[in-house]
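Secondary and tertiary structure notes
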Amino acid sequence: MTTPNGDGRPVGDDAHLNGRSVDSGPTGNETAGEAPLTAAAGGWHRAGGADLTRPKRKRRKGGGGWGGGNREAAMVPDAEFSSYYGRQIVKTPTWKNPEVPLYLFLGGAAGTSSVLGALAEFTGRPTLARNAEYAAAGAALGSVVLLIDDLGRPERFLHMLRVFKPTSPLSVGSYILSPFSAFTSAAAGVRLLELAPVLRTATTVLPFLPALTRFLPGLRKTSAVAAAAFGGPMATYTAVLLSNTAAPSWHEVHTELPYVFAGSAMAAGGGITMALTPVAEAGPSRKTALTGVALELFMINKVENGHGLLSEPYHEGKAGTLMRAAKTATVTGAAFTALLGRTRVGAVIGGTLLAAGSVMTRMGVFEAGIASTKDPKYIVIPQKERMAARKAGEAVAEDEARSVVR
Amino acid sequence: MTTVSSASPSLEGADSRNRLFGPLPDVSADAGYEEDHPSRVGFFTDTSVCIGCKACEVACKEWNTLPMDDSHGVLDQMGMSGMSYDNTGMLGANSWRHVSFIEQSRAVDLPMPTFGAPGADRHDHGQPASAISPQADSGLAAQTSVLNAEALSEFDPQTTVTGGAGDTQIRWLMSSDVCKHCTHAGCLDVCPTGALFRTEFGTVVVQGDICNGCGYCVSACPYGVIDVRKDDGRAFKCTMCYDRLTDGLQPACATACPTQSIQFGDLDELQARADARLATLKSQGVETARLYGRDESDGVGGVGAFFLLLDEPEVYGLPPDPIVTTRDLPAMWKAAATGAAMLVGVVASSFLGRKR
């Protein structure tokens, strides 16, 4: 579009009288939500043509438009709407990428591993317990680093702990992550101390340690159980973290995302511990991973297909690519686990693929929410529909009230 | 005078009704202020008399010493947005007032008199000459005096006729956008440090020495107001000049506004004034006028800074039906708790059965 008026028609062309939305163009495919608004608008529509603030790479349908172009390919039919020069309405989250998606992944993997580790402690699976506890501690410490790194003022991380706010998932999350990382580190730390060389080295600093060795297994098990108590919340609270925002494609799926993350966490935690542990002890990991995959695939289908326009970002662009890749990795990983999970090679391949699938699921969900903030259509159209539905509901209620009076 | 609670409202008090959304008669009391707190203040921005002078933007930048940025929030950049007279572009960490400019046109097959030179169609209404200049063309005078109720009855205040074209009419919508200081503020709800707090005036302010730049408020604001300043790392937004309010002054933008488009005062008083203004405009035939953010039963419980608009909110870059994201938080926590229990249950059950 090079001329201000796009297709060069005179301002106020009759074709634009009714389609007052900035993007109407001559096609004028009115949506249900748009029609009643037209009458109140007095025939006004935005003058002028090309929207220079919009990224030029976006594909457009049709020859021209009246600014505010929002006509990129969509799986939902293009609806017309107005916007301020096509500019986004809500802000794009400032969270760093890939730090935050990786944090989401590590939190899930650590959460599942901690529960696996604690239960393995008491069911005679020492290798699984060891690996799960190390995995949980490593991932939890990684989470802490990523979360602090994401802050604009990392040195103020402890400000997170000066209040507790149930209305802030990040505050609640801080109170989940802090004890969780402390307990997982304690369990892993005690486990390290039980190794003879480590104990010898540590004794040079703390000479009283050998006297305490008989308490170490109990301390380790207690820490592992305490960590496991925070393992479940650690895996799912991050879904609330994303959903409790104004990013439309995150908020819309707020009752489904926690289950997606729970499933993804089980696939990741099960997969990682399965890959690290001899097959004889890794039965619970395999079962956990497979159940997680089933839950994840079932719930992600609802997220991707159940929300009309707001599901669209999960299919398009970078998010769509990641989501598709995640599904491929997850399904392949699950197949390896189910068929070859009782061989060492199969377990390693399957577990790695499951973990990779979980990483990409988190990245895909993250990118989809980001994308949904960048186009005003994801704000305006659903909110307009919500208003229209509410109005219709009120009209029905009024009718009913009237008929009752009569 | 009072104690400030930056902790979550839902932690205190027994009444769980309307703590997360819906009308709230006294936001300051809800935040923990005692009975003697000042009444809630706000802005009423009447865009029908905004002339787009940007005095509010300048006054705000000056008073709050906000850094320069371009229309995309890039610091220390000067650049034209290329879309209108609006080179501020958006609200953000460095722009706490933003005047939007929308040029609109319509064809004039509407029930209107014939058109000639600007204002020529006003002659036949017998409008008495304005006090500003008795000799002047009465239509021109009516257009000059936009605050004159008589003049308003003659035409949509921001309407003019394109000279010579003859078949179209052009109007400019100008609106000074600002932080809404919501009754249920998403930014305040999600802030994990307590840096954002409710003032005794019912406004929402960031404490710069507490904010650790987590950016959650940025994602939570349904209006896209608050943002993180890149080189600083912390979040910034309109404070409704908290420093000035505590000294009995009006906010800088309202003080600078030459047309009283930005009115500052006690919120209930402003609401009454806005209702009256809307009724006046409606009676004068400005059918497109509507109040935005006035309705206390909306998704954010009404806002402290509300607007009189002449078109749909989205035309001005405002969300048509904003909701505070924490309205749905109980459902989210429930799903997360169920998901967490499911995870533990699945892992536990995977240990059952034969030991392999």
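Let us look at the overall build of chain B. For chain B, the helix and strand inventory stands at 10 helices and 11 strands. When burial is assessed residue by residue, chain B has 62% of its 356 residues classed as buried. For chain B, long-range pairs separated by at least 24 residues make up 64% of all intrachain contacts whose partners lie at least 6 apart in sequence. Total accessible area on chain B stands at roughly 13,800 Å², and carbon and sulfur atoms take up 56% of it.

The subject of this paragraph is the pairing of strand β11 (residues 305–309) of chain B. All names here are of chain B. For β11, the tally of buried residues reaches 5 of 5 residues, placing the bulk of the element in the interior. Neither face of β11 is left uncovered, since the one carrying Ala305, Phe307 and Leu309 and the one carrying Phe306 and Leu308 both have all their residues buried. By the bridge criterion, 4 bridges tie strand β1 (residues 41–46) to β11 in an arrangement that is parallel. Residue phenylalanine 44 lies in a different strand from β11, and its bridge partner there is phenylalanine 306. Sheet topology places strand β10 (residues 290–292) next to β11; 3 bridges connect them, and they run antiparallel. Looking at β11, one finds that leucine 291 is bridged to leucine 308.

Quick look at the interface of chain B and chain A now. Facing the 104 residues of chain B at the interface are 94 residues of chain A. Together chain B and chain A conceal approximately 7,900 Å² of surface at their shared face, both sides included; 59% is due to carbon and sulfur atoms. Connecting chain B to chain A are 5 salt bridges. For Asp321(B), the salt bridge identified is with Arg390(A), shortest N-O distance 3.1 Å. Those elements that provide at least two residues to the side of chain B that touches chain A are β2 (97–107), β4 (168–178), α5 (186–190), α6 (216–220), β7 (227–228) and α10 (329–350) of chain B. For the side of chain B that touches chain A, the leading source of residues is α10(B), giving 16 residues. Here the side of chain B that touches chain A is built from residues that sort into 51 nonpolar, 33 polar and 20 charged.

All right, on to helix α7 (residues 216–243) of chain A then. Taking 1.5 Å of rise per residue, the 28 residues of α7(A) would be expected to cover 40 Å, and the 41 Å separating its terminal C-alpha atoms lies within 8% of that figure. The largest bend along α7(A) reaches roughly 35° and is located at Phe230(A), with the proline Pro233(A) sitting one to four residues downstream.

This part takes up the environment of Phe157(A). Looking at the element boundaries, Phe157(A) is found in the loop between α3 (126–150) and α4 (169–193). Take Phe157(A): its relative accessible area is 15%, and that puts it in the buried class. Considered as a pair, Phe157(A) and Ser174(A) are 17 residues apart in the sequence and their alpha carbons are 9.7 Å apart. Look past the residues within four positions of Phe157(A) in its chain and what remains in contact with it is Ile148(A), Leu151(A) and Asn212(B).

The next subject is helix α11 (residues 317–340) of chain A. Residue and element names in this part refer to chain A. Between its terminal C-alpha atoms α11 stretches 34 Å, which fits the 34 Å expected from 24 residues at 1.5 Å a residue. If you check which residues of α11 are buried, you get Ala319, Gly320, Leu322, Met323, Ala326, Ala329, Thr330, Gly333, Ala334 and Thr337. Turning to α11, the residues buried within the fold contact α9 (257–276), α10 (283–305) and α12 (344–374).

Here we come to the packing of helix α2 (residues 99–121) of chain A against α7(A). Residue and element names in this part refer to chain A. Interhelical geometry of α2 versus α7 gives an angle of 150° and a closest axis separation of 7 Å. When the axis of α2 is compared with that of α7, the two are roughly antiparallel. Considering only the axes of α2 and α7, their crossing is left-handed. Looking at the contact of α2 with α7, its residues break down into 12 nonpolar, 7 polar and 3 charged.

Residues and elements named next belong to chain B. Strand order in this open sheet of 4 strands is β9-β1-β11-β10, and the pairing throughout is mixed. In this open sheet, the two edge strands, each paired with only one partner strand, are β9 (262–266) and β10. Neighbour-to-neighbour, the strand axes of the sheet open up by a mean angle of 20°, direction not taken into account. In the packing of helix α9 (residues 267–283) onto the sheet, the strands contacted are β1, β9, β10 and β11, and the crossing angle to β9 comes to about 135°.

Bringing the pairing of β9(B) into the picture now. Residue and element names in this part refer to chain B. For β9, a buried count of 4 out of 5 residues is recorded, marking the element as mostly surrounded by other parts of the structure. Here β1 pairs with β9 via 5 bridges, running antiparallel. Its bridge partner lying in β9, phenylalanine 43 is registered against phenylalanine 264.

Take unusual backbone geometry next. Following Asn97(A), the chain continues into Pro98(A) via a peptide bond in cis, with omega recorded as 10°. Position of Pro98(A) relative to the elements: it lies in the loop between β1 (45–46) and α2. Even without being glycine, Lys54(B) reaches a positive phi, approximately 65°. Looking at where Lys54(B) falls in the secondary structure, it is placed in the loop between β1 and α2 (55–64). Positive phi values are uncommon outside glycine, yet Asp76(B) reaches one of about 55°. Inspection of the secondary structure assignment puts Asp76(B) in the loop between α2 and β2. By relative accessible area, Asp76(B) is classed as exposed at 57%.

A complete count under the given rule lists 15 aromatic pairs over all chains for this structure. On the basis of an interplanar angle of 65° and a centroid distance of 5.4 Å, the ring pair of Trp95(A) and Tyr216(B) is categorised as edge-to-face. With Trp95(A) in the loop between β1 and α2 and Tyr216(B) in helix α6, the pair connects residues from two separate chains. Comparing Trp95(A) with Tyr216(B), the two get one shared label, buried. Three or more aromatic residues link up through ring pairs in this structure, and these residues are Trp95(A), Trp250(A), Phe366(A) and Tyr216(B). For Arg362(A), the ring lying beneath its charged end belongs to Phe261(A), and the centroid distance is 4.4 Å.

Charged atoms that come close allow side chains of opposite charge to pair. A full pass over the atoms with the stated rule returns 23 salt bridges over all chains. With a closest N to O distance of 3.2 Å, Arg273(B) and Glu269(B) form a salt bridge. Placement of the pair is Arg273(B) and Glu269(B) together in helix α9, with a separation of 4 residues, close to one helical turn. By relative accessible area, which is 35% here, Arg273(B) ends up partly exposed. Ionic contacts of the salt-bridge type, sharing partners, join the residues Glu121(A), Glu133(A), Arg191(A), Glu194(A) and Arg220(A) into one network.

The rules we used
Along each chain, numbering runs from 1 in the same order as the chain's sequence is written. The naming scheme follows written order: chains are lettered A onward, ligands numbered 1 onward. Given that the model is predicted, a residue must reach a pLDDT of at least 70 before its local features are reported, and side-chain atom pairs must reach 80 or more before they are shown or counted; all residues, however, enter totals for whole chains, interfaces and linings. Side-chain metrics rest on all non-hydrogen atoms present in the structure, leaving aside hydrogens and water. Every helix listed is a DSSP run of H or I at least four residues long, and every strand listed is a run of E at least two residues long, numbered separately from the N terminus. For each residue, the accessible area found with a 1.4 Å probe, counting protein chains only, is set against the maximum for its type, and the residue is called buried under 20%, exposed over 50%, and partly exposed in between. The contact criterion used throughout is that any non-hydrogen atoms of two residues lie within 4.5 Å. Using a 1.4 Å probe, the Shrake-Rupley method yields the accessible areas, and only the shown protein chains count as cover for residues. By the convention used here, strands pair only if DSSP detects at least 2 bridges between them. Buried area, as used here, totals the accessible surface that two parts lose on assembly, with accessibility defined by a 1.4 Å probe and the loss added over both. Counted as salt bridges are all cases of a side-chain nitrogen of Lys or Arg within 4 Å of a carboxyl oxygen of Asp or Glu. Ten residues, namely Ala, Val, Leu, Ile, Met, Phe, Trp, Tyr, Cys and Pro, are considered nonpolar, four, namely Asp, Glu, Lys and Arg, are considered charged, and the remaining ones, Gly among them, are considered polar. Multiplying 1.5 Å by the residue count of a helix minus one yields the expected span of that helix. A residue's bend is the angle separating two fitted axes: one through the seven residues that end there, the other through the seven that start there. Each axis is a line fitted through C-alpha atoms, and for a helix only the stretch in contact is used; angles between axes span 0 to 180 degrees, taken between their N-to-C directions. For classification purposes, an angle smaller than 35 degrees is called roughly parallel, one larger than 145 roughly antiparallel, one from 65 to 115 roughly perpendicular, and anything else oblique. The crossing is said to be left-handed when, going from far helix to near helix, the turn is anticlockwise and less than a right angle, and right-handed when the turn is clockwise. Each Phe, Tyr or Trp ring, with Trp reduced to its six-membered ring, pairs with another whose centre is within 6.5 Å; inter-plane angles below 30 degrees give stacked pairs, above 60 give edge-to-face pairs, and intermediate values give tilted ones. The rule for a charge over a ring is simple: NZ of Lys or CZ of Arg within 6 Å of the ring centre, and within 35 degrees of the ring normal.

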